[in-house]
Amino acid sequence: MADTAANGPVLAADGSPLKRSLGRALRRQKLRALALVAPLLIFVLITFIFPIASMLFRSVQNDIVSNTLPYTVQALANWDASTGDLPPEQVFEAMYFDMFLAAEAKRHTRLGTRLNYEQTGVSSLFRQSGRKLDDLGKDIEKPMNRLNAAWKDGETWYSIFDAGTDSADTQLLQVQRNRVAALTDGPASGDVNFAPSAAMAQALPTATRAYTAWAVYTATQDGKDPATTDPWEALPVALVHDLKTADLSGLNGPAVDLLTELQAANIEMPTFAGFFADMDEDWATATPWQTIQTHSGIYTSGYFLNAVDAQKTPEGIAWQPEDKQILLTLFVRTLIMSLAITGSCILLGYPIAWLLANLPMRQANVLLILVLLPFWTSLLVRTSAWKVMLQQQGVINDVLVWIGLVDDAERLIMINNQFGTIVAMTHILLPFMILPMYSVMQTIPPSYLRAAKSLGATNWTAFWRVYFPQSVPGIGAGSILVFILAIGYYITPEIVGGTKGVFISNRIAYHISSSLNWGLAAALGSILLAAVLILYWAYDRIVGIDNVKLG
Amino acid sequence: MADSATKQAFVEFERVQKSYDGETLVVKDLNLSLPQGEFLTMLGPSGSGKTTCLMMLAGFETATHGDIRLDGVSINNIPPHKRGIGMVFQNYALFPHMTVAENLSFPLEVRKMGKSEREEKIMRALGMVQMQDFAGRRPTQLSGGQQQRIALARALVFEPELVLMDEPLGALDKQLRETLQFEITRLAHDLGITTVYVTHDQTEALTMSDRVAVFDDGRIQQLAPPDKLYEEPQNSFVAQFIGENNTLDGVVKEINNGVALVQLDGGDIIDAKPINVSKPGERTRVSIRPERVEMNKDRLNPDAHTLKAEVLEFVYMGDIFRTRLRVAGVDDFIIKTRNAPDQARLKPGEQIEIGWMAEDCRALDA
């Protein structure tokens with residue numbers, strides 16, 4: 001039996017390999033253990049891991065540019081931004097039609113806001129231009145309608161572009177469906193009662209594409225039948241633009257006459273570049289185009305660069321202008337202040353924990369309740385109490401003035417600065433330091449100190465060489481707890497921190513709720529998370545996480 | 001010990017009292033003196049005050065009243081670290097964050113000893129307990145017995161003249177305890193150090209000590225060498241506490257020539273040696289060791305009183321037989337007989353007659 005080990009795998013009594021038997025026997029146990037943790041696991045996944053992951057994902061997500069301006073991004077791909085020249089006419093053309101659809105879907109302002117994070121002024125440029133896009137179409141509609149009143153009628157347009165019994169360009173239809181879906185963050189499926197004619201797509205590509213996009217949008221988003229609806233002002237622009245160069249000879253059908261007539265009329269229209277320059281002179285500079293091109297990727301490092309006071313430029317990564325550099329300072333400040341808070345918690349908490357661990361049970365329990373008392377009071381109340389205590393007309397200053405230590409005119413500034421934050425947060429986080437220290441100290445028998453003294457050590461030597469080293473795991477556990485809590489603290493610095501004593505979390509909250517720059521907030525949060533994990537790792541390497549005891 | 005100078009008291013307790021709460025005395029009027037080189041054991045049930053005495057000697061508790069002297073000097077106001085007393089604790093109290101060598105080095109470092117001198121002393125101390133190979137280990141990597149050896153070495157490494165041990169073998173198994181008992185006594189005698197040893201294990205006390213102080217209720221009930229303690233207990237507490245013992249209650253009838261006649265509560269008359277009784281009419285509790293009870297009438301004095309007894313139980317224990325009898329209305333009278341070829345094996349229900357030499361039966365306080 002035992003000698004089988006030498007000849008091959010050890011076998012169980014039924015002849016199957018022992019390893020497999022053992023695995024089978026353990027599987028049941030594992031499944032049961034998994035079933036026990038499953039409810040919590042699912043709860044945590046749904047309410048914690050998944051939302052945080054999706055939130056943090058926003059720090060790199062950037063598909064809004066290519067979703068809103070797909071053809072512009074395509075046209076800009078080959079443009080060399082670093083020369084400082086304006087992009088070619090095709091870019092302006094693509095921009096006009098992309099922007100028109102986005103403006104109809106009211107999505108262009110969102111893109112403006114996104115790009116404004118990278119280049120100030122883009123937001124208002126987009127918003128204002130969105131209102132003026134119609135002007136070009138109206139200038140062209142008038143001569144068209146004078147030429148032939150049929151152009152006023154939506155059915156005329158439908159009859160021109162709809163494939164009817166001819167072959168249809170289904171691929172174009174699908175592309176436009178996807179485009180509308182991406183733009184509106186919703187599905188663009190369902191019957192649109194329209195199929196672009198393949199012949200028209202060949203002869204009049206811009207116009208057919210614009211009409212298809214319009215038809216899909218009208219049918220899926222507005223719920224109207226494109227056959228009976230009057231098209232947008234962008235379509236005359238597209239048609240007249242196409243007819244400048246189109247060859248109509250290959251076409252047939254009733255629409256050909258109309259088109260030939262229109263082509264012959266040769267309605268005057270400005271270049272798209274000229275029109276954009278007319279709308280806003282900023283379009284005639286390279287800057288907005290550089291911004292769009294630089295940030296056209298689906299994923300971006302832009303938010304992370306912003307989070308460390310840098311930005312992406314056509315020339316590469318560069319620091320933000322000095323007056324906008326605040327985040328790195330804030331990170332460093334958060335780190336230093338958290339360390340200061342951790343340090344003062346150790347200094348204040350250690351004697352208390354020692355006392356707790358060495359007092360008789362009854363008195364220790366009373367003291368422990370006093371330590372825990374703050375937990376029974378709302379965090380907001382405690383922080384507000386510090387506001388009352390520390391402000392210039394507050395209790396502490398009043399007392400100092402009253403006993404004559406401080407002149408009435410020179411009351412100490414103890415709040416709305418780093419001092420206030422450190423004092424209030426030390427108070428609030430102190431129990432998190434005391435409790436782990438206490439539970440570790442409780443396990444150190446008093447006989448160690450006695451032994452040290454009987455061996456000839458003075459009180460101090462006995463403490464420092466024998467007691468203290470054994471209490472270090474408690475300090476470690478308390479420090480990790482306090483530091484990690486402090487580094488992400490929000491309410492207290494918000495209330496007592498003023499401008500000088502706020503943490504990075506206050507900035508994150510600002511970007512989440514006020515500036516709505518969620519990408520930057522997510523990037524800041526990710527950096528904070530990474531910093532904590534790195535510090536944790538470093539702590540593990542230096543102190544050893546095995547040395548941390550919570551009891 | 002032959003030298004008269006060493007006979008002089010080295011450790012002295014004089015009228016020492018100790019109270020923790022101001023209402024009850026844990027130690028009541030303790031007087032004790034031991035000469036240099038003596039191995040004294042404080043034996044007693046828990047709560048008898050023996051550990052408190054040890055802690056007062058070590059300096060971790062202060063005496064409420066009285067004087068404790070070490071080598072003629074009062075140490076009441078000397079802090080523990082200046083007393084120079086080695087101490088071995090019940091749970092060993094080896095510093096877990098230091099290696100064995102560092103543990104031993106600690107008392108030498110605080111005495112500002114040079115490195116080479118320290119190393120030499122550490123190796124010598126480890127040698128004394130045969131633990132030289134374990135210098136680099138952590139206490140947690142050692143077994144209980146090894147830890148106790150290291151604790152002993154640590155208490156001896158700085159060459160104290162007095163070593164205190166607070167139930168040092170309490171946590172060890174029986175066999176290891178016996179080995180270490182022997183080692184500790186040997187070391188103490190070889191090094192000529194004075195030892196105060198606290199235990200509640202009477203076997204330990206009897207086998208190790210020069211003298212044993214039996215504690216109860218905050219007082220020393222008897223201070224005597226082990227043999228005297230066993231054979232001549234001064235009162236019924238000591239008689240009960242040390243070894244196995246039979247007791248019978250009665251009243252003294254008369255005392256003649258150092259022999260007392262005691263009438264038991266059942267009416268029988270027995271012979272006893274008066275210890276704590278002086279005149280007829282006093283109530284007394286007589287005490288007799290199970291192995292001193294005689295069943296063979298031929299070996300007793302012809303005029304000795306005997307008692308009728310009924311065998312209730314017979315237990316074969318290998319080297320001895322242990323028989324439980326009903327005697328004078330008491331159901332737990334034990335006798336022990338050697339397993340000799342001629343020794344009868346009694347059966348339950350058998351009626352026998354027992355007696356003893358008057359000097360083996362001690363009439364103590366009631």
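Refer to the structure presented above.
Structural notes, computed from the coordinates. (Residues numbered from 1 in each chain as written. Chains lettered and ligands numbered in written order. Predicted model: local features only at pLDDT ≥ 70, side-chain atom pairs only at ≥ 80, totals over all residues.)

## So, the interface of chain B and chain A
Now for step 1: With 18 residues of chain B at the interface, the matching set in chain A holds 15 residues.
Now for step 2: If you list the elements that add at least two residues to the side of chain B that touches chain A, you get β6 (85–88) and α3 (100–109) of chain B.
Now for step 3: Looking at the side of chain B that touches chain A residue by residue, the class counts come to 13 nonpolar, 3 polar and 2 charged. (Contact = placed C-beta atoms within 7 Å. Helix = DSSP H or I, 4+ residues; strand = E, 2+ residues; numbered from the N terminus. Nonpolar A, V, L, I, M, F, W, Y, C, P; charged D, E, K, R; others polar.)

## Some details on the sheet that holds strand β17 (residues 330–338) of chain B
Residues and elements named next belong to chain B.
Now for step 1: Spatially, 4 strands are ordered β17-β16-β15-β18 in an open sheet, and the strand pairing comes out antiparallel. Each edge of the open sheet is held by one strand with a lone partner, namely β17 and β18 (351–355). Averaged over all pairs of adjacent strands, the angle between their axes in this sheet comes to 45°, without regard to strand direction. (Pairing = 2+ DSSP bridges. Axes fitted to C-alpha atoms, helices over the stretch in contact; angles between N-to-C directions.)

## Remarks on the nonpolar core
Within soluble globular proteins, side chains that are nonpolar tend to cluster in buried spots.
Now for step 1: Core analysis: the largest hydrophobic core is formed by 100 residues, its most contacted members being Leu57, Ala151, Ala153, Leu164, Ala213, Val214 and Ala363 of chain B.
Now for step 2: If you tally residues by element for this core, the top one is helix α5 (residues 144–156) of chain B, at 6 residues.
Now for step 3: Excluding anything up to four places from it in sequence, leucine 57 of chain B contacts Val11, Ile68, Leu164 and Val196 of chain B.
Now for step 4: Core analysis: the second largest hydrophobic core is formed by 65 residues, Leu76, Met99, Ala219 and Trp289 of chain A among them. (Core = buried A, V, L, I, M, F, W, Y, C linked by C-beta atoms within 7 Å. Buried ≥ 20, exposed ≤ 12 C-beta atoms within 10 Å, placed from the backbone.)

## A few points about the pairing of strand β3 (residues 39–43) of chain B
All names here are of chain B.
Now for step 1: Within β3, 5 of the 5 residues are buried, leaving the element largely enclosed by the surrounding structure.
Now for step 2: Residues Phe39, Thr41 and Leu43 point to one face of β3 and Leu40 and Met42 to the other, with burial holding for every one of them.
Now for step 3: Across 5 bridges, β3 lies against strand β8 (residues 194–199) in parallel orientation. Counted as the bridge partner of leucine 43 is threonine 199 from β8.
Now for step 4: Bridge count between β3 and strand β9 (residues 211–216): 4 bridges; the pairing is parallel. Opposite threonine 41, over in β9, you have valine 212 as the bridge partner.

## Quick look at the environment of isoleucine 336 of chain A
Residues and elements named next belong to chain A.
Now for step 1: Of note, isoleucine 336 is situated in helix α17 (residues 327–358).
Now for step 2: Of the residues examined, isoleucine 336 has 11 C-beta atoms within 10 Å and is grouped as exposed.
Now for step 3: With 202 residues separating them along the chain, isoleucine 336 and aspartate 134 place their C-alpha atoms 55 Å apart.

## Examining the packing of helix α25 (residues 504–513) of chain A against helix α26 (residues 518–542) of chain A
For any two helices packed against each other, one specifies the inter-axial angle together with the distance between the axes.
Residues and elements named next belong to chain A.
Now for step 1: Contact pair α25 / α26: the axes reach a minimum separation of 8 Å and the direction vectors enclose 155°. Our classification of the angle between α25 and α26 gives roughly antiparallel. Crossing geometry of α25 relative to α26 is assigned as left-handed. Of α26, the residues touching α25 (which contributes Ile504, Arg507, Ile508, His511 and Ile512) are Trp518, Leu520, Ala521, Leu524, Gly525 and Leu528.
Now for step 2: Of the residues assigned to the contact of α25 with α26, the class counts are 8 nonpolar, 2 polar and 1 charged. (Parallel < 35°, antiparallel > 145°, perpendicular 65-115°, else oblique. Left-handed = near helix turned anticlockwise from the far one by under 90°.)

Bear in mind that shape data such as this cannot, by itself, settle questions of function.
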